[in-house]
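Descriptive analysis of the structure
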Amino acid sequence: MNDADLDIILGITNGRLTGQQKQDALDLIAADPELSEELAIQVSAMDELGALEPAHMTSSEKLALRNSLVEQLHLEPVVPVARTSKQSRPWWQLALASAAALLVAIVVVPSMLSGSDNSSSDVVAIAPEATKTVETDVSRGDTDADTKTETTSAAAAAETATTSTFALPQITEDSVQEFFATAPAPIDTESTISADDQGAAGAEDVTDETTEPSASSLAESNEIPVDLVQIEECLTERALDIPDGEHTPMAATLDNGVTTIHFGVGSGSDIAYSVSIELETCTITSTAP
Amino acid sequence: MTDRADLDIALIDRYLSGDIDAFNELMDAHEDRVFAICLRILRTREAALDATQDTFLTVFRKADRYKATAAFSTWLYRVTVNTCYDYLRKEKRKRADRLPETHDIADPRSQDEFEAVDVRPQIEVALDALSPEFKAAVVLVDLEGMSIEQASDTLEVPIGTIKSRLFRARKQLSQSLGNLRPSNEHRIEDTGES
């Protein structure tokens with residue numbers, strides 16, 4: 001096989017020859033068994049290659065790739081973060097939904113419950129500096145580079161692309177009451193309690209008692225990533241069952257794969273109630289003043 | 001330059017001036033092809049996704065060094081192939097490091113087990129058996145539809161080299177797939193044995 005033969009065969013297989021040139025080349029090949037065989041081999045391989053499935057990225061892989069690039073190139077984060085729910089929603093929709101949930105919790109529910117023992121005026125009155133709310137925490141979770149999921153590997157990012165999470169301090173069920181008694185600042189990851197802080201009396205109304213001490217899990221990690229969407233949905237679903245006021249997710253418990261979010265209810269750092277909600281089922285596991 | 005090439009140059013300028021829409025437009029235009037090249041060369045989706053990301057990181061970080069004397073896509077796909085070569089080299093080193101601890105090379109069962117779980121289409125197995133240089137030529141020309149000249153520019157090798165690699169790669173693929181007719185030499189050997 002010399003260069004001229006190579007040119008003839010590739011001229012045919014790669015469409016470089018047309019019209020009379022191509023016909024002349026085909027005649028030449030037909031007259032030469034070796035060239036005919038080489039052409040057949042080339043065409044056979046090309047046919048096999050042509051039968052390969054097209055290679056495409058999925059939409060979630062594309063989203064993860066872009067988010068990762070935006071983060072690593074320090075570009076303005078305009079690409080929406082994907083989430084666990086069935087479809088992706090841009091960050092502004094998340095903020096809007098959070099605001100709506102907040103509105104239900106602060107305005108609608110108190111007005112519906114007006115006259116009851118849980119009058120919202122009592123709660124609101126104790127919180128002049130109340131500014132931190134679910135809304136602000138949600139937006140922080142969505143945009144704060146310190147709390148959102150790392151996406152340094154594209155493949156790993158694609159796997160986690162469907163989550164929208166932020167981190168909450170991890171506590172044990174037994175230490176919920178003590179946690180709120182110390183009234184840490186909302187969503188301050190520096191204020192996680194240590195394992196030594198455990199041992200206080202358990203929350204009174206905890207229905208799903210912790211069977212294993214969480215010291216081991218605390219040793220592994222001081223934070224639990226939680227899903228903003230689920231928090232929103234649970235707050236909305238349970239709006240009529242929980243004390244009204246500002247509901248600030250402050251800590252979380254992870255027990256046998258079940259995540260419980262502990263909300264401070266009140267204003268800012270003045271916590272009037274604590275409410276614990278099991279995230280997966282939106283079940284209220286405890287409320288305590 | 002083509003319309004696409006001119007558009008890419010304008011987009012790079014916009015990107016360098018801080019226009020994130022230009023970033024997204026460049027991604028829209030090229031991410032699928034970059035990923036496809038990576039997947040064909042590297043074979044696994046995970047590696048292809050990582051290589052795709054590394055490719056775009058390199059390109060966007062060095063965008064200010066891009067000279068518009070060649071098409072942006074040529075430069076991009078060159079970076080893509082080189083990134084894949086790096087991955088293959090790293091993978092080869094990893095395999096070499098791992099083998100003594102986890103495999104007895106002399107144990108024929110190792111190969112049997114590998115073959116038993118390899119359910120990829122034969123053409124993918126055959127493609128994977130090609131050398132990186134042959135594979136790149138086939139991927140760019142036969143799978144991604146580049147002309148021989150474009151592949152030559154992308155891989156920075158002479159046109160004759162691309163032709164030769166392409167021809168030999170296809171022949172090797174056919175051999176691997178068992179589609180190759182017995183050559184005269186083989187027929188003589190067969191006759192001699194019988």
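Please refer to the structure placed before this passage.
Residues numbered from 1 in each chain as written. Chains lettered and ligands numbered in written order. Predicted model: local features only at pLDDT ≥ 70, side-chain atom pairs only at ≥ 80, totals over all residues.

**What to know about the overall build of chain A**
- Regarding its fold elements, chain A presents eleven helices and six strands.
- The buried share among the 289 residues of chain A stands at 36%.
- Sequence separation of 24 or more characterises 65% of the internal contacts of chain A that already satisfy a separation of 6 or more. (Helix = DSSP H or I, 4+ residues; strand = E, 2+ residues; numbered from the N terminus. Buried ≥ 20, exposed ≤ 12 C-beta atoms within 10 Å, placed from the backbone. Contact = placed C-beta atoms within 7 Å.)

**Quick look at helix α7 (residues 132-143) of chain B**
- Of all twelve residues making up α7(B), ten are buried, and the element is well covered by its neighbours.
- After α7(B) finishes, the residue G145(B) shows a positive phi value of roughly 75 degrees.

**Examining the interface of chain B and chain A**
- Contact with chain B, which involves 34 residues of that partner, is made by 32 residues of chain A.
- Residue assignment for the side of chain B that touches chain A shows that the elements contributing at least two residues are α2 (20-42), α3 (45-61), α7 and α9 (159-177) of chain B.
- Here the residues of the side of chain B that touches chain A sort into 19 nonpolar, five polar and ten charged. (Nonpolar A, V, L, I, M, F, W, Y, C, P; charged D, E, K, R; others polar.)

**A word on the packing of α2(B) against α3(B)**
All names here are of chain B.
- Between α2 and α3, the shortest axis-to-axis distance is 8 Å and the interhelical angle comes to 135 degrees. In this view, α2 runs oblique relative to α3, as classed from their interaxial angle. Crossing handedness for the pair α2 and α3: right-handed. Of the residues in α3, those touching α2 at E31, V34, F35, C38, L39 and L42 are R45, A47, A48, A51, T52 and T55.
- Considered class by class, the residues forming the contact of α2 with α3 number eight nonpolar, two polar and two charged. (Axes fitted to C-alpha atoms, helices over the stretch in contact; angles between N-to-C directions. Parallel < 35°, antiparallel > 145°, perpendicular 65-115°, else oblique. Left-handed = near helix turned anticlockwise from the far one by under 90°.)

**Thoughts on the packing of helix α1 (residues 3-13) of chain A against helix α3 (residues 33-50) of chain A**
All names here are of chain A.
- Where α1 contacts α3, the axes come no closer than 10 Å and their chain directions differ by 40 degrees. Comparing their axes, α3 and α1 come out oblique. Judged by the twist between their axes, the crossing of α1 over α3 is right-handed. Residue-level contacts link D5, I9, I12 and T13 of α1 to L35, E38, L39, Q42, V43 and M46 of α3.
- Grouping the amino acids of the contact of α1 with α3 by side-chain chemistry returns six nonpolar, two polar and two charged.

**Let's talk about the environment of A40(A)**
- Within the secondary structure layout, A40(A) lies in helix α3.
- Sequence separation between A40(A) and I9(A) is 31 residues, and the spatial gap between their C-alpha atoms is 9.7 Å.

**Details of α2(B)**
- Where α2(B) bends most, at H30(B), the angle is about 45 degrees.
- Immediately downstream of α2(B), the backbone of R43(B) shows phi near 80 degrees, a positive value. (Bend = angle between axes of the 7 residues up to and from the residue.)

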